[in-house]
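# Notes for the structure review
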Amino acid sequence: MKLLEKSKIWFLTFFRDIFVYHNSSLEFRAKLIAAIIGANKEVDKCEEKILRQIAHEIYPEDKARVEILIQTTKEYVNKIVQNNGLDLNELILAIDYELREVKRFCDKVDLQMLERFMVCTQKDKETYLIQQRILEFLSNELLDFKKIC
């Protein structure tokens, strides 16, 4: 990626609240993905690859949004890892709250998409179990919210 493109992505990521159309939707998706990756406490090469694939699937025609989603997701994971004002439980509660408050976010939760990250943690039983629990929680919440949404 060229320096100018990197600068643009950094600028848009930093000021996404102001300049990025439907920022709340992108932010919500980043939180969902970060919750799954955050269980592993890092974004390794396997997760980076899947994250990039998923971002391209979500925004196939918008390279800038792809990069902003990736950077935003990494920001959330870093906050979890560094214990910088956010832990995994708080992130999951924030996702749950947003699902209740913004009905259209129910359609943004794609459990099959999130399950793809579990390939990266199959050897780490503890992380794999945490990811399973997160997916089960989201699945149950979606069942409850389908009545509301």
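Residues numbered from 1 in each chain as written. Predicted model: local features only at pLDDT ≥ 70, side-chain atom pairs only at ≥ 80, totals over all residues. Heavy atoms only, no water.

This part is about the overall build of the protein. Secondary structure assignment for the protein yields eight helices and zero strands. Tracing the protein from N to C terminus, the helices and strands come up as α-α-α-α-α-α-α-α. Split into buried and exposed, the 149 residues of the protein put 44% on the buried side. (Helix = DSSP H or I, 4+ residues; strand = E, 2+ residues; numbered from the N terminus. Buried < 20%, exposed > 50% of the residue type's maximum accessible area, 1.4 Å probe, protein only.)

A few words on the state of the cysteines. Within the structure shown, the criterion is met by one disulfide. Two residues share a disulfide in this structure: cysteine 46 and cysteine 120, whose sulfurs sit 2.0 Å from each other. On the sign convention where negative means left-handed, the S-S torsion of about -75 degrees between cysteine 46 and cysteine 120 marks this disulfide as left-handed. With a gap of 74 residues between them, cysteine 46 in helix H4 (residues 45–58) and cysteine 120 in the loop between helix H7 (111–115) and helix H8 (125–145) connect regions that are remote in the sequence. A residue is classified by how much of its surface remains accessible, and cysteine 46, at 30% relative accessible area, is partly exposed. (Disulfide = S-S within 2.5 Å.)

Quick look at the environment of leucine 114 now. As for its placement among the helices and strands, leucine 114 is situated in helix H7. Leucine 114 sits in the buried class, given a relative accessible area of 0%. Put simply, leucine 114 and isoleucine 54 are 60 residues apart on the chain and 9.1 Å apart in space, counted from C-alpha to C-alpha. Excluding anything up to four places from it in sequence, leucine 114 contacts Leu32, Ile33, Ile36, Leu135 and Leu138. (Contact = heavy atoms within 4.5 Å.)

Aromatic ring pairs are described here by two measures, namely the spacing of the ring centres and the angle between the planes. In total, this model carries one aromatic pair according to the counting rule given. Taking the centre distance of 4.5 Å and the plane angle of 15 degrees together, the rings of phenylalanine 28 and phenylalanine 105 count as stacked. Remark: phenylalanine 105 occurs in the loop between helix H6 (88–101) and H7 and phenylalanine 28 occurs in helix H3 (residues 23–38); sequence separation between them is 77 residues. (Phe/Tyr/Trp six-rings, centres within 6.5 Å; stacked < 30°, edge-to-face > 60°.)

Turning next to H6. Across its 14 residues, H6 extends 20 Å between first and last C-alpha, which sits within 8% of the 20 Å expected from 1.5 Å per residue. Residues of H6 that are buried: Leu88, Leu91, Ile92, Ile95, Asp96, Glu98 and Leu99. The arc that holds every buried residue of H6, seen down its axis, measures 165 degrees, which confines them to one face. Seen from the open side of H6, the exposed residues pointing more than 90 degrees away from its buried face are Asn89, Leu93 and Tyr97. (Expected span 1.5 Å × (residues − 1). Arc of directions from axis to C-beta.)

The relative placement of two packed helices is expressed as an angle between their axes plus a distance between the axes. Packing of H4 against helix H5 (residues 63–81) leaves a shortest axis separation of 9 Å and a crossing angle of 135 degrees. When the axis of H4 is compared with that of H5, the two are oblique. Crossing hand, H4 versus H5: right-handed. Contacts from Glu48, Leu51, Arg52, Ala55, His56 and Ile58 in H4 reach Val66, Glu67, Leu69, Ile70, Thr73 and Lys74 in H5. (Axes fitted to C-alpha atoms, helices over the stretch in contact; angles between N-to-C directions. Parallel < 35°, antiparallel > 145°, perpendicular 65-115°, else oblique. Left-handed = near helix turned anticlockwise from the far one by under 90°.)

For the rest of this paragraph, the subject is H5. Taking 1.5 Å of rise per residue, 19 residues should cover 27 Å, and H5 covers 27 Å from first to last C-alpha, within 8% of that figure. Backbone geometry just after H5 places asparagine 83 at a positive phi near 50 degrees.

So, on to the side chain of arginine 29. Within the element layout of this structure, arginine 29 appears in helix H3. Despite its burial, arginine 29 pairs with no opposite charge, the nearest such side chain being aspartate 110 at 7.9 Å. Filtering out sequence-adjacent residues up to four positions away, arginine 29 remains in contact with Ile58, Tyr59, Leu69 and Lys108. (Lys, Arg positive; Asp, Glu negative; His and termini not counted. Salt bridge = Lys/Arg side-chain N within 4 Å of Asp/Glu carboxyl O.)

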